[in-house]
Amino acid sequence: MMAAQPSASPTISRREFGQMPDGRPVHEYTLDNGAGLVLSAITYGGIVTALWLPDGAGRRANVVLGFDNLRDYLERNPHFGVIVGRFGNRIARGQFTLDGHSHQLDLNDGPNCLHGGASGFGTRLWEAEIEPAGLAGHGPALLLRYTSPDGEGGFPGTMAVKVRYSLTAEQTWRIDYEASCDKPTVVNLTHHDYFNLAGRGSAMSQRLMIAASRYTEVDGGRIPTGIASVEGTPFDFRLPSEIEPRLRLPHPQLLSARGFDHNWLLDHPFDGGLHLAASLEDPLSGRKMEIHSSEPALQFYSGNFLDASLVGSGGEAYRQGDGLCLETQHSPDSPNHASTDPDWPSTLLRLGEVYRSCTEHRFGGGNIGIPG
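Residues numbered from 1 in each chain as written. Predicted model: local features only at pLDDT ≥ 70, side-chain atom pairs only at ≥ 80, totals over all residues. Heavy atoms only, no water.

### Some remarks on the state of the cysteines
For the structure shown, the criterion picks out 0 disulfides. The closest cysteine sulfur to the non-disulfide-bonded Cys113 is located on Cys181, 15 Å from its own sulfur. Residue Cys113 is classed as buried on the basis of its relative accessible area of 2%. (Disulfide = S-S within 2.5 Å. Buried < 20%, exposed > 50% of the residue type's maximum accessible area, 1.4 Å probe, protein only.)

### A look at the layout of surface pockets
Computed from the structure, the largest pocket encloses a volume of approximately 450 Å³. Lining the largest pocket are 24 residues; nearest its centre among them are His79, Arg90, Leu114, Tyr301 and Phe305. If you list the elements that add at least two residues to the lining of the largest pocket, you get β24 (297-301) and β25 (307-311). A total of 4 residues in the lining of the largest pocket trace back to one element, the largest contributor, which is β25. Its residues assigned to classes, the lining of the largest pocket comprises 9 nonpolar, 9 polar and 6 charged. Size it by volume and the second largest pocket reaches roughly 360 Å³. Lining the second largest pocket are 18 residues, with Asn62, Gly199, Arg200, Gly314 and Glu316 positioned closest to its centre. With 3 residues, the top contributor of residues to the lining of the second largest pocket is strand β4 (residues 48-54). Tallied by class, the residues present in the lining of the second largest pocket amount to 8 nonpolar, 7 polar and 3 charged. (1 Å grid on protein atoms, 1.4 Å probe; cavity = no way out; pocket = protein on both sides within 12 Å on 5 of 7 lines; lining within 4 Å. Points joined across faces, edges and corners; volume = space filled by probe spheres on them. Helix = DSSP H or I, 4+ residues; strand = E, 2+ residues; numbered from the N terminus. Nonpolar A, V, L, I, M, F, W, Y, C, P; charged D, E, K, R; others polar.)

### Points about unusual backbone geometry
The omega angle of the peptide bond from Gly85 to Arg86 is 5 degrees, so this bond is cis rather than trans. By secondary structure assignment, the location of Arg86 is in the loop between β6 (82-84) and β7 (90-91). Positive phi is not limited to glycine here, since His79 has a value of about 70 degrees. In this structure, His79 sits in the loop between α1 (70-76) and β6. Take His79: its relative accessible area is 27%, and that puts it in the partly exposed class. Of note, the phi angle at Gln171 is positive, near 65 degrees, even though the residue is not glycine. A relative accessible area of 4% places Gln171 in the buried class.

Rendered as structure tokens:
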């Protein structure tokens, strides 16, 4: 699929992408910031189907993995591009206790609950609303709404969720999350894009930086067992480093997970402001991405289970390492850790409170965006 040429001013367009099994239409919205950054997203799962970026010479590529049809997203999507909720990452045994009441969640990852279970937000049909450029200080924006009924996936309370995608002239894709609930519950929203700044082939030659000096070690089910220093380990990405050489090191955590599938505790203060969490650079194209977030942690997944069984929108089979995920979040299994521990900020959302979170993807390279 070819991207449209950059426009002189920001635009948003809409087309029908397909129909749900019950006949409800699914639409795809395309946001163009007028300066070469183009994002397409569908109302099913809030999935980002494409993200087009120029390199220094103006050549554009789609830098996220995805499909060109709704059926693949419905039947075989490994979370490509989805809004993740109610709770991103894993909850051990799919259980947590809140105000003395035990809650049992859907189990969809062996004995654990992953990304909200089989009925997570990435499998729901969202309502969409176009917001004009300039509203709230952003460029073209798409506002997505979903109401999660009480008990969906085993989570308590009816939760109203809003997620806004907006583009700026400074080559930034911003995601704003907001949620409220009519009962005490837990929430941890994030986004599950598989990035490859080269646009094709392996992403493992790209250079990654994670602004974190600690990470959570995990058991065989990827449930945290403790917090460890990155010093002297393959998990030390405090300076930009090529990913591929790290994958070949015989560290027990890498061997157990078949690569990176771990959570880093970010060094920045958890104060509601945006802070640099990670950066990624493709040396060949020169494309760069900085991730700034209000979240306290980040999950890096190196696409370990892509096995060439999925064919993407560009016609290529996706193989191990062809995309990587950098999910800003609270740490996995947080509801089962003491909320008074500063290493485990609470994911509790009480009646009358509003959950808010923000993550920006700032793109650059060559003559655009982030200085070289």
